[in-house]
Amino acid sequence: MTASQMSDHEIAALAHIRANPEGVLQSELWKDLGLDSRACSRVLKKLETGGHIERVECRRDGTRTYLVKIAKKDETIDPMLLMAGETIVPCVACEEECNVEHCKMLEDWVYELVFSEME
């Protein structure tokens, strides 16, 4: 299932899960997304069937729930996706678990690219 085939709820759920690399409890996810629990379950089932996420059963406060994470893929990465011009994107070797929208290292790298192009 590609992004163009996903519903708005599926896209929002996937983005929320991606923003939490350690995982999100399903019992909290539906509240965060403003969905009822059944609708959230249906959304997650589609994402799981599509291979985008994985759910691991767990207990929280004596209640059964699932820890939802982005599925790990064993695909080979095209090396050109790691490049920006003639340099490697710094995130490739980064071990920090950050949000790319607020990553100081990535920001510095982008500024360096921009200013080197201006010279």
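This text goes with the structure placed above it.
Rules behind the numbers
- Residues numbered from 1 in each chain as written.
- Predicted model: local features only at pLDDT ≥ 70, side-chain atom pairs only at ≥ 80, totals over all residues.
- Heavy atoms only, no water.
- Helix = DSSP H or I, 4+ residues; strand = E, 2+ residues; numbered from the N terminus.
- Phe/Tyr/Trp six-rings, centres within 6.5 Å; stacked < 30°, edge-to-face > 60°.
- Lys NZ or Arg CZ within 6 Å of the ring centre and 35° of its normal.
- Axes fitted to C-alpha atoms, helices over the stretch in contact; angles between N-to-C directions.
- Parallel < 35°, antiparallel > 145°, perpendicular 65-115°, else oblique.
- Contact = heavy atoms within 4.5 Å.
- Nonpolar A, V, L, I, M, F, W, Y, C, P; charged D, E, K, R; others polar.
- Core = buried A, V, L, I, M, F, W, Y, C linked by side-chain atoms within 4.5 Å.
- Buried < 20%, exposed > 50% of the residue type's maximum accessible area, 1.4 Å probe, protein only.

Let's talk about unusual backbone geometry
Phi is positive for Asp-61, which is not a glycine, with a value near 55°. Along the chain, Asp-61 falls in the loop between strand S2 (53–60) and strand S3 (63–70).

Topic: the packing of aromatic side chains
Enumeration according to the criterion identifies 0 aromatic pairs in this entry. A cation over an aromatic ring shows up here: Arg-55 above the ring of Tyr-66, its NZ or CZ 5.0 Å from the ring centre.

Here's the deal with the packing of helix H1 (residues 8–18) against helix H3 (residues 37–49)
The geometry of H1 relative to H3 is characterised by a closest axis approach of 10 Å and an angle of 75° between their N-to-C directions. Taken together, the axis directions place H1 and H3 in an arrangement best described as roughly perpendicular. Residue-level inspection shows His-9, Glu-10, Ala-13, Leu-14 and Ile-17 of H1 in contact with H3, the latter providing Val-43, Leu-44, Lys-46 and Leu-47. Here the residues of the contact of H1 with H3 sort into 6 nonpolar, 1 polar and 2 charged.

Re the nonpolar core
Counting residues in each nonpolar core, the largest one holds 14 residues, and the members touching the most others are Ile-17, Leu-29, Leu-44, Leu-47 and Ile-53. The element best represented in this core is H3, accounting for 5 residues. For Leu-29, the contacting residues outside a window of four places in its chain are His-16, Ile-17, Val-24, Cys-40 and Leu-44.

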